[in-house]
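Observations on chain architecture
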Amino acid sequence: MALVSLLDVSLSFGGAPLLNRVNLQIDRGERVCLVGRNGAGKSTLMKVISGELNPDVGQVFRQPGAIFSTLRQEVPVGLAGTVRTVVEGEGGAYEEHNDWERHDRVERLLESMGLPTDQEFASLSAGQKRRVLLARGLVEEPQLLLLDEPTNHLDLASIQWLEEFLLEWGGALLFVTHDRAFLRKLSTRIIEVDRGQLIGWACDYDTFLVRKQAVLEAEEVERAQFDKKLAQEEEWIRRGVKAQRSRANNRIHALEKMRAERIARRDRTGTAKMTAQEADRSGFKVIECKGAGFSYDGRPIIRDLDVRIERGDKIGIVGPNGAGKTTLLRLLLGQLAPQAGIVEQGTRLEVVYFDQLRAQLDETMRVQDAVADGNATVTINGRTRHVISYLEDFLFEPTRARTPIRALSGGERNRLLLARLFTKPCNVLVLDEPTNDLDAETLELLEDLLVEFGGTVLLVSHDRAFLNEVCTSLLVFEGEGKITEYLGGYDDWQKEKAARAAAVAAAEERAKRAAKEAAAGTVEKKTRKLSNKERAELESLPKKIEVLETEQTNLTAKLADPLFFKKPATEVTQATVRLHEIEALLAAAYARWSELE
């Protein structure tokens, strides 16, 4: 029996129905991802399934006795107590209820999820709070877990932990996410919410994108043919009916039906049109750090940082929550003075800053006033436009543009902040978690804009797909204030990190083996004479190392050029793979040289 079934369910809030006679079934063990544009009704559908909202029409069947738990985007206001008491929830009095199985579940979850048991919930970071709330939901042993943007405000380590946890958990999942890497790893089925309908896709996300595009193109052709036929029939009836009465009546009825169908038709929400205003070019050197350091209360946040950021670089900043990513941004931009070393900003910098906490938005202002500072027009790349027209590029209808900011959803707030920022000319874009709550299509558009942007980008993000698409290099927090630069995006960083770990492990293994041999007395006391072949190999090694290092230098320079990333993806991948091969070959060559000497 299905965990939940929807039969001809409809629901609206005064306008076009968010759900229009939809049907859905979720079975045990499924991991279903809901996708769709911001405002399409994904969160509303989850509330109907969980029982928080009742449909206007239709029926919702839930398996008797089945438990559903929900993890919302927002942390509940006023939730107090220690981590343990929050996880225990209302069933915390084990002795009173004689529910020692629940007590054991709480203990196992606290341990497996690495939660600080006695710490006050209010003092936790946003990511830690979401982990606690997930544990609170899992204590009930739900058959269906509903997750609304579960990766929001989580750092990369927490996202990877959550992925592995949910894969091993085994229960049914229904989730909404903007994180495409998370979607790719977890979903077994995709349900799209589109213009009040639910469309099922039994495939992976990349296949879904291809098939969806084909469906949209076919729909466009079909609608164009329909509109052409309707126009012809309207022209016919305007000329006056001259055919036989019965034939004319049939044609008139058909025309009326077409008119009704056209009125009822819901056009797909358009795609946002984002354009960043570029100021005059900055100097070639944008920011340079030499031995820069910064500490809070004696704890090093940034230590011995040496980095040079040049015009056109797209730099991703990655690290755990609380590591100091925003502090690093402020240090790079000159908003904080380094406590050690030097941080120099280049010339002619025009900086625009995207704040992850949306602090730049006044909740009481109307959308249009927040963008144009109360004016009726904005000037974009020298062209004056009415603010309502400009906001339509960011998918705000005229009525929505006149509403207060407090009425906006998370995705709408992000789009509004982008619209506001892109009215300002800049040559340095600073984006602190810009991807939260944006739908996939808007995300891809923002990716394209940043790749094409001729200036410099500093980007804090935990979105792995976004980092892969945009960044030419990453600054990664690796503990105790150490920040390491890696060329390329997220996947390149992971490959290089794995290669370094493998090299360290191999070196440790060789050292152990040598120590064991020495202890066993098997190491020769005298230096062994080299064979002729080994002598020739030793003589050839410096030249081999020189050739490899020259190729390494050339490849590094190529990958540091942002224009190179506009070349075909295969060429970029080949260059990155070859760079990793050279690093391994150089390590082996130096090790062999040391051994032969």
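Here we summarise the structure given alongside this text. (Residues numbered from 1 in each chain as written. Predicted model: local features only at pLDDT ≥ 70, side-chain atom pairs only at ≥ 80, totals over all residues. Heavy atoms only, no water.)

As for the overall build of the chain
Within the chain one finds 19 helices and 20 strands. With the C-alpha coordinates of the chain rotated into their principal frame, the extents come out at 115 × 70 × 50 Å. Looking at the chain as a whole, 45% of its 597 residues qualify as buried. Restricting the contact set of the chain to residue pairs at least 6 apart, pairs at least 24 apart contribute 68%. Accessible area for the chain stands at about 30500 Å²; split by element, carbon and sulfur atoms hold 50% of it. In the chain, 83 side chains carry a positive charge and 93 a negative one; their mean positions are 5 Å apart. (Helix = DSSP H or I, 4+ residues; strand = E, 2+ residues; numbered from the N terminus. Buried < 20%, exposed > 50% of the residue type's maximum accessible area, 1.4 Å probe, protein only. Contact = heavy atoms within 4.5 Å. Areas by Shrake-Rupley, 256 points an atom, 1.4 Å probe, with all protein chains shown as cover. Lys, Arg positive; Asp, Glu negative; His and termini not counted. Charge placed at Lys NZ, Arg CZ, Asp CG, Glu CD.)

Some remarks on helix α14 (residues 410-421)
Look at α14: 17 Å from first C-alpha to last across 12 residues, which is about the 16 Å you get at 1.5 Å a residue. In terms of burial, α14 is largely enclosed, as 11 of its 12 residues are buried. Those residues of α14 lying buried are Gly 411, Glu 412, Arg 413, Asn 414, Arg 415, Leu 416, Leu 417, Leu 418, Ala 419, Arg 420 and Leu 421. Turning to α14, the residues buried within the fold contact β14 (351-354), α11 (367-372), α12 (387-392), α13 (398-401) and α15 (440-452). (Expected span 1.5 Å × (residues − 1).)

Brief notes about the side chain of Thr 442
Looking at the element boundaries, Thr 442 is found in helix α15. For Thr 442, the residues in contact, after removing those within four places along its chain, are Arg 37, Met 274 and Arg 415.

What about the sheet that holds strand β13 (residues 340-345)?
Read across the open sheet, the 3 strands follow the order β11-β10-β13; overall the sheet is antiparallel. The two strands at the open ends of the sheet, each matched to only one other strand, are β11 (299-310) and β13. With strand direction ignored, the average angle separating the axes of adjacent strands in the sheet is 20°. Of the strand pairs in this sheet, strand β10 (residues 285-296) and β13 are connected by 5 bridges, and their pairing is antiparallel. Bridge assignment links Ile 287 to a residue of β13, and that residue is Gln 345. Contacts from helix α10 (residues 325-332) reach β10, β11 and β13 within the one sheet, and its direction differs from that of β11 by about 50°. (Pairing = 2+ DSSP bridges. Axes fitted to C-alpha atoms, helices over the stretch in contact; angles between N-to-C directions.)

Observations regarding helix α8 (residues 205-238)
Between its terminal C-alpha atoms α8 stretches 48 Å, which fits the 50 Å expected from 34 residues at 1.5 Å a residue. Along α8, the residues that are buried comprise Tyr 205, Phe 208, Lys 212, Leu 216, Phe 226, Leu 230, Glu 233 and Trp 236. Considering only its buried residues, α8 is in contact with β3 (31-35), α7 (180-186), β8 (189-194), β9 (197-201), α9 (245-264) and α15. The backbone nitrogen of Asp 206 has a side-chain oxygen 3.1 Å away, supplied by the residue at the start of α8, namely Asp 204. Just downstream of α8, Gly 240 is the residue with a positive phi angle, here 100°. (Polar contact = N/O pair within 3.5 Å; in protein donor to acceptor, adjacent residues only side chain to side chain.)

A word on the pattern of salt bridges
By the definition in use, this model includes 36 salt bridges. Between Glu 310 and Arg 308 there is a salt bridge whose closest N-O contact spans 2.9 Å. Under the relative-accessibility criterion, Arg 308 is labelled partly exposed at 37%. When the shortest N-O distance is used, the salt bridge between Glu 581 and Arg 578 registers 3.3 Å. Here Glu 581 and its partner Arg 578 are both found in helix α19 (residues 569-596), 3 residues apart, which amounts to about one turn of the helix. Classification of Glu 581 as partly exposed rests on a relative accessible area of 39%. (Salt bridge = Lys/Arg side-chain N within 4 Å of Asp/Glu carboxyl O.)

Let's talk about the environment of Glu 539
Of note, Glu 539 is situated in helix α18 (residues 532-560). By relative accessible area, Glu 539 is classed as exposed at 63%.

Regarding the packing of helix α5 (residues 126-138) against helix α6 (residues 156-169)
It is at 12 Å that the axes of α5 and α6 come closest, and there the two elements cross at 10°. With respect to α6, the axis of α5 lies roughly parallel. Contact with α5, carried on its side by Arg 131, Leu 134 and Leu 138, involves Ser 158, Trp 161, Leu 162, Phe 165 and Trp 169 of α6 and no other residues of that element. Split by residue class, the contact of α5 with α6 holds 6 nonpolar, 1 polar and 1 charged. (Parallel < 35°, antiparallel > 145°, perpendicular 65-115°, else oblique. Nonpolar A, V, L, I, M, F, W, Y, C, P; charged D, E, K, R; others polar.)

A word on the pairing of β8
For β8, the buried fraction is high: 6 of the 6 residues fall into the buried class. Remark: 2 residues form the turn of the hairpin made by β8 and β9, two consecutive strands paired antiparallel; Arg 195 in that turn has positive phi of roughly 50°.

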